[in-house]
Amino acid sequence: MAELPDWFTSIPYFTKRWLALTAILTLAGRFGVLNPFNFMLFYEPFIKKFEIWRAVTALLMYPLSPGNGFHFLVNCYFLYSYSIRLETDSFSGRPADYFFLLIFNWICCVIIGLLANIPVLMDPMVLSILYVWCQLNKDVIVSFWFGTRFKAMYLPWVLFGFNLIISGGGLQELVGIIVGHIYFFLMFKYPQEMGGPQLIQTPQIFYKFFPNQRTVHGFGQPPTRAAPTAAPAAGNQQGEGGLNFRRHDWGRGYVLGQQQ
């Protein structure tokens, strides 16, 4: 029985709290302790009645029912798997930068959720995190159902198409892809590959509460412009500042469904 507490303790800081709060609020709603309707994101109560807590609880409260229980478990698996990979690999030692990723994507999900009438934000938020990992590890081969294998960069679109075909949905997955791409483009692609200015960066106050744990290359800083050099070989193109962006080793690759 000691294995379960040890496993929970080993989960990184932000992933642990996100997963735990999601499980607690969702189960409380499922067993009637809380009314899920009071925690979903709706325009009228959020704007006119100033029920601002809905912006947070819409991310953590999932209206669990016998018909969507499996979908909720899949979401929890993706949340656990890909949030851990970002927090411990791509953002290793930089908790403030990962916290900013979560906050930025959450704000985008809230804005789009209000405009598109999406009352529950778990799906788009999880997909946005998965999308960022897939872009940072785009050449890693992942496995999907029925033994299919493809590069990680296609996984968000496979999930979108799969849900579109199976359940007739797809809107929430598409929102997650859009949100994830907004962050990835503004934080990485535009300043590092296109040489543009750094349009978003981690607020300094975040470092006060979550200081870097070791000295690493900061993704929140715009890359320095390198002197012109000979064109790199095809398939190994470099971005601004000499960052090998397309084929940079951002962290370990994992096979989807493989136990960490």
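Residues numbered from 1 in each chain as written. Predicted model: local features only at pLDDT ≥ 70, side-chain atom pairs only at ≥ 80, totals over all residues. Heavy atoms only, no water.

K.L.:
If you had to explain the overall build of the protein chain to someone new, which residues and values would you point to?
P.N.:
The secondary structure content of the protein chain amounts to 10 helices and two strands. In the protein chain, which comprises 260 residues, the share counted as buried stands at 47%. Taking contacts inside the protein chain between residues at least 6 apart in sequence as the whole, the part at least 24 apart equals 65%. (Helix = DSSP H or I, 4+ residues; strand = E, 2+ residues; numbered from the N terminus. Buried < 20%, exposed > 50% of the residue type's maximum accessible area, 1.4 Å probe, protein only. Contact = heavy atoms within 4.5 Å.)

K.L.:
Tell me about the pattern of salt bridges, and name the residues and values.
P.N.:
All chains considered together, the criterion is met by four salt bridges. In this structure, Arg-54 and Glu-51 form a salt bridge, with 2.6 Å as the shortest nitrogen-oxygen distance. As a salt-bridge pair, Asp-139 and Lys-151 come within 3.6 Å of each other at their nearest N and O atoms. Of this pair, Asp-139 sits in the loop between α7 (122–136) and β1 (141–143) while Lys-151 sits in strand β2 (residues 149–151), placing them 12 residues apart in sequence. For Asp-139, a relative accessible area of 31% gives the class partly exposed. (Salt bridge = Lys/Arg side-chain N within 4 Å of Asp/Glu carboxyl O.)

K.L.:
Which residues make up the layout of surface pockets, and what values do they have?
P.N.:
Computed from the structure, the largest pocket encloses a volume of approximately 480 Å³. Of all the secondary-structure elements, those providing two or more residues to the lining of the largest pocket are α5 (69–90), α7 and α8 (155–167). A per-element tally of the lining of the largest pocket places α5 first, with six residues. For the lining of the largest pocket, the per-class residue count stands at 11 nonpolar, eight polar and two charged. Space inside the second largest pocket adds up to approximately 340 Å³. Around the second largest pocket, the lining is made up of 14 residues, and of these Trp-18, Leu-59, Phe-99, Leu-102 and Ile-103 lie nearest the centre. For the lining of the second largest pocket, the secondary structure elements donating two or more residues are α2 (13–30), α4 (54–60) and α6 (95–116). Partitioning the lining of the second largest pocket into residue classes produces 13 nonpolar, no polar and one charged. (1 Å grid on protein atoms, 1.4 Å probe; cavity = no way out; pocket = protein on both sides within 12 Å on 5 of 7 lines; lining within 4 Å. Points joined across faces, edges and corners; volume = space filled by probe spheres on them. Nonpolar A, V, L, I, M, F, W, Y, C, P; charged D, E, K, R; others polar.)

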